[in-house]
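Residue-level listing of the chains:
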Amino acid sequence: PMDLGTIQERMHAGEIKSPEVFSRLVRLVFENAMTFNVSKTHKVHQTAASLLNLFNHKFRDVERMMEKEQKEANHPLPIDTL
């Protein structure tokens, strides 16, 4: 089982070393909440679905930033353009 408090503890302990791992664990929390509260009319299911949607929307910015950094690392600008 995973929860947001455990994720926070693992972050403070330095156990979560990448944004990819962080996002996978956060998504797992919300997906588990929906799985174990299967009725789509259940308040927990609805709230988890909303939070998952919000997280995915907000985290897209982080993913775009990581993609940009990866591209720049693979194709650095020539010195004369700096």
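Since this is a predicted model, take the numbers as computed values, not measurements.

Draft legend 1. Local environment of the packing of aromatic side chains. Going through the model one piece at a time under the given rule, you end up with three aromatic pairs. Seen from their ring centres, Phe22 and Phe59 are 6.4 Å apart, and the 45° between their planes marks the pair as tilted. Taken as a pair, Phe22 in helix α2 (residues 19–36) and Phe59 in helix α3 (residues 43–74) lie far apart in primary sequence, 37 residues in all. Here Phe22 falls in the partly exposed class, since its relative accessible area comes to 22%. You can call Phe59 buried: its relative accessible area is 6%. Grouped by ring-pair contacts, the aromatic residues Phe22, Phe55 and Phe59 constitute a single cluster.

Scoring rules and cut-offs
- Residues numbered from 1 in each chain as written.
- Predicted model: local features only at pLDDT ≥ 70, side-chain atom pairs only at ≥ 80, totals over all residues.
- Heavy atoms only, no water.
- Phe/Tyr/Trp six-rings, centres within 6.5 Å; stacked < 30°, edge-to-face > 60°.
- Helix = DSSP H or I, 4+ residues; strand = E, 2+ residues; numbered from the N terminus.
- Buried < 20%, exposed > 50% of the residue type's maximum accessible area, 1.4 Å probe, protein only.

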